[in-house]
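As a plain string of letters, each chain reads:
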Amino acid sequence: MASRDGASAALPTLSASAARRTALHAQGLARRRPDAAARVTAAGVGRVVDRLQVLQIDSVNVLARAHLVPLYSRLGAYDPALLDRAAGRAPRRVVETWAHQASFVPPSLYPYLGWRREAYAQQAWGSIRSVATTHPQVVEDVRAMVAELGPITASQVQEQIDHPRAERVEWGWNWSVAKRALELLFFTGEVMAARRNAAFERCYDLAERVLPPDVRAVDPFFADRQDEAYRHLLDVSARALGIGTRRTLADYYRLRGPGVDRALGALVEDGVLLPVAVEGVPGTHYRHRDATTPRRAEAATLLSPFDPLVFERTRLEDLFGLRYRIEIYVPAAQRVHGYYVLPFLEGERLTARVDLKADRAAGVLRVEATHPEPWTAAGTADELAAELLRCAAWLGLDRVVVAPRGELAPALAGALR
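None of these values were measured; they are calculated from a predicted model.

So, the overall build of the chain
Looking only at helices and strands, one finds 18 helices and 14 strands in the chain. Overall size of the chain, expressed as C-alpha extent along the three principal axes, is 65 × 60 × 40 Å. Expressed as a percentage of its 417 residues, the buried residues of the chain come to 56%. The long-range share in the chain, meaning contacts at least 24 apart out of those at least 6 apart in sequence, stands at 66%. Working note: accessible area of the chain is about 18,400 Å², and carbon and sulfur atoms make up 49% of it. On the chain, the mean spot of the 54 positive side-chain charges and the mean spot of the 49 negative ones are 3 Å from each other.

The structure is reproduced here in structure tokens:
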């Protein structure tokens, strides 16, 4: 058997195509979505959340917020209010916590991340963890305010606490001390997001008033049970991904350290993870024992830069041949593919990249740039045009306008005409 340092000559071998199809099936991206006329229900949204086990949250709203698009990619047009209700009404079917990054997860996963909340002094970023020692009274005041007034937003907390706004802190944010105290309490799990308001602000409340009763009854997996938590989290990530390397499986919930290797070894020993090689890709991969490899993949859909299939970039390049970087923070003159670029999944390949912007005032989905990949086929422009029209309709936009940037733009514009 191969070691985890990359030797894989003695392992069963999958073709790159089989590995891609395994990954797509696990992520719910192997089949075409239901007919547009089919009504997506809360149960349908719940099934996708249960399959993925994480929806990364990001405030960028150039097209649609990051956590909304993975559901669209798998369900087609759906009402985002379904997710709002799942996260904002008891009994909640999803809750917010730090998982991959700030994420929605099923409540059942929440106890397994207790070790991260407990270890905030090592896990949280500096401006958050330091407020516990630099402004302990503010932390206590915020804790009491949430207990008395929650659900309450950060801006409402700031209005109640007479404390000057902070100087510029990490990531360029200008957070008040009260906001930093609130985020510390969120990181440690003392408070949670009861819902998001129309401005996408968290409305904070005590965890005991947010978590479903059956989850509150589960003892959190703190440091003394971290190995057990890691085994569960790696099992969940492998099931959601179908197949992946150590790096990929650990990245799903941002697991670090020797505990990853201990958990991985235990799962291999128990037969939960099966070491395999993938043709053309170095190193050992781990296929979940319940993974399925369909004979073909047939989906045609746009993927968010924060989709679970996409967010581990090394795996994306290894399995799909796509070297992908989000260029939001790159100066405009230096961008290669555009500001907010979505890969287009067609079958088992990512065949195009489209820089999209929802111009809500004009009712237009703007395609700022369209770039093909070396394996893009003649029919891609037609498939992509159909998908852009579906996406525009989901967003409530009337038409799609293609800018003449990128080698695929002329064919796409022609297909839309």
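Side note on the domain arrangement of the chain
By domain assignment, the chain separates into domain 1 (13-110 + 222-288), domain 2 (140-166 + 173-211) and domain 3 (325-416). Taking only C-alpha atoms into account, the centre of domain 2 sits 38 Å from that of domain 3.

Considering the layout of surface pockets
In this structure, the second largest pocket spans a volume of roughly 650 Å³. What lines the second largest pocket is a set of 29 residues, among which Arg32, Arg33, Pro34, Arg74 and Leu75 lie closest to the centre. For the lining of the second largest pocket, the secondary structure elements donating two or more residues are α1 (16-26), α2 (42-52), α3 (69-75) and α17 (380-394). Ranked by the residues each element gives to the lining of the second largest pocket, the list is headed by α2, at four residues.

Some thoughts on the environment of Leu365
As for its position among the elements, Leu365 is in strand β13 (residues 364-372). Relative accessible area serves as the criterion here: at 0%, Leu365 is assigned to the buried category. For the pair formed by Leu365 and Val402, sequence separation is 37 residues and the distance between their alpha carbons is 8.6 Å. Excluding anything up to four places from it in sequence, Leu365 contacts Leu63, Leu356, Lys357, Ala358, Leu388, Cys391, Ala392, Leu397, Arg399, Val400 and Val401.

Some words on the pattern of salt bridges
This structure, assessed with the given rule, holds 24 salt bridges. Notably, a salt bridge pairs Glu383 with Arg32, separated by 2.7 Å at the nearest N-O pair. Here the residue Glu383 occupies a position in helix α17, and Arg32 occupies one in the loop between α1 and α2, the gap between them amounting to 351 residues. Where Glu183 meets Lys179, a salt bridge forms, and the shortest distance between an N and an O atom there is 2.8 Å. Here Lys179 and Glu183 lie together in helix α11 (residues 177-188), a separation of four residues that amounts to about one turn.

Focus: empty space enclosed by the protein
Per the stated rule, a full pass over the model turns up one cavity of 30 Å³ or more. If you go around the largest cavity, the residues you meet are Thr97, Trp98, Leu113, Arg116, Arg117, Phe186 and Phe187. For the lining of the largest cavity, the elements supplying multiple residues, two or more each, are β3 (95-98), α5 (114-118) and α11. Split into classes, the residues belonging to the lining of the largest cavity amount to four nonpolar, one polar and two charged.

Quick word on helix α16 (residues 313-320)
Looking at α16, one finds that the buried residues are Arg313, Arg315, Leu316, Leu319 and Phe320. All buried residues of α16 lie within an arc of 160° about the axis, which places them on one face of the element.

Remarks on the packing of aromatic side chains
Evaluation of the coordinates by the stated rule reveals eight aromatic pairs. Considering the side-chain rings of Tyr78 and Trp394, the 5.6 Å spacing of their centres and the 25° angle between planes classify their relative orientation as stacked. With Tyr78 in the loop between α3 and α4 (81-88) and Trp394 in helix α17, this residue pair connects regions lying 316 residues apart in the sequence. Trp394 shares its class with Tyr78; the two are buried. Between the aromatic rings of Tyr252 and Phe311, the centroid separation amounts to 5.7 Å while the plane-to-plane angle is 55°, which identifies the pairing as tilted. Remark: Phe311 occurs in the loop between β10 (300-302) and α16 and Tyr252 occurs in the loop between α14 (246-251) and α15 (258-269); sequence separation between them is 59 residues. Grouping residues by exposure puts Tyr252 and Phe311 together as buried. The structure contains a cluster of three or more aromatic residues connected by ring pairs, namely Tyr72, Tyr78 and Trp394. In this arrangement the basic side chain of Arg196 is found over the ring face of Phe200, its NZ or CZ atom lying 4.2 Å from the centre. Note that Arg202 overlies the ring of Phe186, its terminal NZ or CZ placed 3.9 Å from the centroid.

Some remarks on the side chain of Arg313
With respect to the helices, strands and loops of the structure, Arg313 is situated in helix α16. Lacking a salt bridge, the buried Arg313 has Glu312 as its closest oppositely charged neighbour, with an N-O distance of 7.9 Å. A polar atom in the side chain of Arg313 sits 3.0 Å from the backbone oxygen of Pro305. The contacts of Arg313, once residues within four sequence positions are left out, are Pro305, Tyr324, Arg325 and Ile326.

Quick word on the pairing of strand β6 (residues 202-206)
The two faces of the sheet receive side chains in turn, since in a regular strand these alternate between them. Of all five residues that make up β6, five are buried, and the element is covered over most of its length. Direction of pairing for strand β5 (residues 191-196) relative to β6: antiparallel, over a ladder of five bridges. Paired with Val191 across the strands is Leu206, a residue of β6. The antiparallel hairpin formed by β5 and β6 contains five residues in its connecting segment, where Phe200 sits at a positive phi of about 70°.

Focus: the packing of α1 against α16
Running from amino to carboxyl end, α1 crosses α16 at an angle of 130°, the nearest separation of the two axes being 9 Å. Here α1 lies oblique to α16, going by the angle between them. Mapping the contact onto sequence places Ala19, Arg20, Ala23 and Leu24 in α1 and Arg315, Leu319 and Phe320 in α16.

Criteria and thresholds
Residues numbered from 1 in each chain as written. Predicted model: local features only at pLDDT ≥ 70, side-chain atom pairs only at ≥ 80, totals over all residues. Heavy atoms only, no water. Helix = DSSP H or I, 4+ residues; strand = E, 2+ residues; numbered from the N terminus. Buried < 20%, exposed > 50% of the residue type's maximum accessible area, 1.4 Å probe, protein only. Contact = heavy atoms within 4.5 Å. Areas by Shrake-Rupley, 256 points an atom, 1.4 Å probe, with all protein chains shown as cover. Lys, Arg positive; Asp, Glu negative; His and termini not counted. Charge placed at Lys NZ, Arg CZ, Asp CG, Glu CD. Domains from an automatic or database assignment. 1 Å grid on protein atoms, 1.4 Å probe; cavity = no way out; pocket = protein on both sides within 12 Å on 5 of 7 lines; lining within 4 Å. Points joined across faces, edges and corners; volume = space filled by probe spheres on them. Salt bridge = Lys/Arg side-chain N within 4 Å of Asp/Glu carboxyl O. Nonpolar A, V, L, I, M, F, W, Y, C, P; charged D, E, K, R; others polar. Arc of directions from axis to C-beta. Phe/Tyr/Trp six-rings, centres within 6.5 Å; stacked < 30°, edge-to-face > 60°. Lys NZ or Arg CZ within 6 Å of the ring centre and 35° of its normal. Polar contact = N/O pair within 3.5 Å; in protein donor to acceptor, adjacent residues only side chain to side chain. Pairing = 2+ DSSP bridges. Axes fitted to C-alpha atoms, helices over the stretch in contact; angles between N-to-C directions. Parallel < 35°, antiparallel > 145°, perpendicular 65-115°, else oblique.

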